[in-house]
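# Tertiary structure, described
Here is what each chain is made of, one letter per residue.
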Amino acid sequence: MSSTSWRDRDKIRVFNTVVDNVLFEEAKEILEEMLDEPRFHKIFTPNTEIVMTCRDDEKLACEVNSADLVVADGIGLVMGSKMRDCPLLERVTGFDLSVFLLELAAKKGAKVFFLGAEPGVAETAKARVEEKYGDIVAGVHHGYFKARHGGCEDSDEEAAVVDAINRSGAEILFVGLGFPKQEKFILNNQDALEHVRIAIGNGGVLDVLAGKAKRAPEIFIRCNLEWLYRLIKNPSRLSRQMVIPKFLWKIRRDKDSVSAISSTQGGSDAK
Ligand code: UDP
């Protein structure tokens, strides 16, 4: 894969959100190229809920679409795209990309910074990750600090976090603050982050790496039923999970809800 080809690949627009139509294996190659290229890259991982929020918020959609790589982290997105005959190839999760980034860091001698989750969680995640991958985590910080993504302009705390990331020298940054805080943190600070080559907004990944939250068993993931596992574990998510049938209903009713954007078309819609 050439160093420019990944910037101009096929995409699928779902309402206002433009997702890269990549397989997980292709996304891995893209990440490896990004780490080799000395500039800042941002990766966002919208799920069905996020796409529905962006449907009603053009500005947020533009922010998500501004990433260098946007993957479809929700089975609802894949199902919806197929209903409109513009199929997304597969679900590519932020969790799987994050684990691959840890492997990549270990392989290439790169350093990772963990930002997010409740106090103590990132430290535990670091200890567990380093047991498996060696000394790859250059720094950690919890996700509860005053910052522009929380409506606080001119926060010393945000500046201190950016400074800690810069001093760590990390080239890979995990930002797990939930949507849309993590996307806003990355966008607000992209020019100030000196060594970071890949920043990924990855939600609750640190909770899973720390053993605080569990990912669904493999069988649920393979059957595209991770949402069901989460619902069983946490029934209070029901109102959030209802977004999937609501999303599919809106896709069915709106023939312009999904379109393919071919890389050979210079960004214009294929359908
Ligand atoms: N979080 C954070 N700072 C905040 C809000 C949330 O660090 O101001 C963390 C939270 O502790 C958890 C993650 O963000 O680790 C939640 O991410 P996710 O996208 O999975 O949110 P959920 O789907 O659970 O709402």
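This text gives an overview of the structure that appears in the document. None of these values were measured; they are calculated from a predicted model. (Residues numbered from 1 in each chain as written. Predicted model: local features only at pLDDT ≥ 70, side-chain atom pairs only at ≥ 80, totals over all residues. Heavy atoms only, no water.)

This brings us to the overall build of the protein chain. On a plain count of helices and strands, the protein chain comes out with 13 helices and nine strands. For 271 residues, the compact-globule estimate of 2.2 N^0.38 gives 18 Å, and the protein chain sits close to it at 18 Å. For the protein chain, the C-alpha atoms occupy an extent of roughly 50 × 45 × 40 Å along the three principal directions. Sequence-distant contacts, at least 24 apart, represent 75% of the contacts inside the protein chain between residues at least 6 apart. In the form shown here, the protein chain has an accessible surface area of approximately 12,900 Å², with 50% of it arising from carbon and sulfur atoms. Distance from the positive charge centre (38 side chains) to the negative charge centre (42 side chains) of the protein chain: 6 Å. (Helix = DSSP H or I, 4+ residues; strand = E, 2+ residues; numbered from the N terminus. Rg over C-alpha atoms; globule rule 2.2 N^0.38 Å. Contact = heavy atoms within 4.5 Å. Areas by Shrake-Rupley, 256 points an atom, 1.4 Å probe, with all protein chains shown as cover. Lys, Arg positive; Asp, Glu negative; His and termini not counted. Charge placed at Lys NZ, Arg CZ, Asp CG, Glu CD.)

For the rest of this paragraph, the subject is the pattern of salt bridges. The tally for this structure, following the rule as stated, stands at 21 salt bridges. A salt bridge links E32 to K107; the shortest N-O distance between them is 3.0 Å. Taken together, the residues span a long stretch of sequence, with E32 in helix α1 (residues 24–36) and K107 in helix α5 (residues 94–108) at a distance of 75 residues. By relative accessible area, which is 59% here, K107 ends up exposed. The partner of D96 in a salt bridge is R215, with the nearest N and O atoms 3.2 Å apart. A residue pair is termed long-range when its members are at least 10 positions apart, and D96 in helix α5 and R215 in the loop between α9 (205–209) and α10 (218–222) qualify at 119 residues. (Salt bridge = Lys/Arg side-chain N within 4 Å of Asp/Glu carboxyl O. Buried < 20%, exposed > 50% of the residue type's maximum accessible area, 1.4 Å probe, protein only.)

Over its 13 residues, α1 runs 19 Å from end to end, which matches the ideal 18 Å to within 8%, given 1.5 Å per residue. Inspection of α1 places A27, K28, I30, L31, E33, M34 and L35 among the buried residues, and these make up the whole buried set. Packed against the buried residues of α1 are β3 (41–44), β4 (69–70), α5, β7 (172–176) and β8 (198–201). (Expected span 1.5 Å × (residues − 1).)

Our next topic: helix α3 (residues 58–65). Residues spaced three or four apart along an α-helix face the same direction, because each turn holds 3.6 residues. If you check which residues of α3 are buried, you get L60, A61, E63 and V64. Taken down its axis, α3 places every buried residue within 160 degrees of arc, on the same side. Facing away from the buried side of α3 by over 90 degrees, the exposed positions are E58 and K59. (Arc of directions from axis to C-beta.)

Before going further, it helps to examine the sheet that holds β4. The strand order β4-β3-β8-β7-β5-β6 describes an open sheet built from six strands, whose pairing is parallel. Of all strands in the sheet, those with a lone pairing partner are β4 and β6 (137–141), marking the two edges. Bridge count between β3 and β8: three bridges; the pairing is parallel. Opposite H41, over in β8, you have I198 as the bridge partner. (Pairing = 2+ DSSP bridges.)

Attention now goes to the site of the ligand. Close to the ligand lie 13 residues, the nearest being A117, G143, Y144, K181 and D207. In the environment of the ligand, a nitrogen atom lies 2.8 Å from a nitrogen or oxygen atom belonging to the backbone of G143. Within the complex, the protein chains bury 70% of what would otherwise be the 540 Å² of accessible surface of the ligand. Its residues assigned to classes, the shell around the ligand comprises three nonpolar, six polar and four charged. (Near = heavy atom within 4 Å. Polar contact = N/O pair within 3.5 Å; in protein donor to acceptor, adjacent residues only side chain to side chain. Nonpolar A, V, L, I, M, F, W, Y, C, P; charged D, E, K, R; others polar.)

So, on to the nonpolar core. Judged by nonpolar contacts, the single largest core of 44 residues is most densely connected at V14, L115, I165, L173, F185 and F247. Counting residues per element, this core draws most heavily on helix α13 (residues 243–253), at five residues. Contacts of L115, omitting those with residues within four sequence positions, involve H141, H142, F145, V161, I165, L173, F174, V175, G176, F185 and L206. (Core = buried A, V, L, I, M, F, W, Y, C linked by side-chain atoms within 4.5 Å.)

In this section: the sheet that holds strand β1 (residues 11–14). Taken together, three strands build an open sheet; the order of strands is β2-β1-β9 and the sheet is antiparallel. Of all the strands in the sheet, just β2 (17–20) and β9 (258–261) have a single pairing partner and so form its edges. The mean angle between the axes of side-by-side strands here comes to 25 degrees, regardless of whether they run parallel or antiparallel. As paired strands, β1 and β9 are joined by four bridges and run antiparallel to one another. Considered in β9, the bridge of R13 is made with S259. (Axes fitted to C-alpha atoms, helices over the stretch in contact; angles between N-to-C directions.)

A few words on the packing of helix α2 (residues 48–55) against α13. α13 packs onto α2 with a crossing angle of 55 degrees between their chain directions and a minimal axis gap of 9 Å. For the element pair α2 / α13, the angle class is oblique. Crossing of α2 against α13: the hand is left-handed. Contacts between α2 and α13 involve T48, E49, V51, M52 and R55 from the former and V243, I244, K246, F247 and K250 from the latter. Grouping the amino acids of the contact of α2 with α13 by side-chain chemistry returns five nonpolar, one polar and four charged. (Parallel < 35°, antiparallel > 145°, perpendicular 65-115°, else oblique. Left-handed = near helix turned anticlockwise from the far one by under 90°.)

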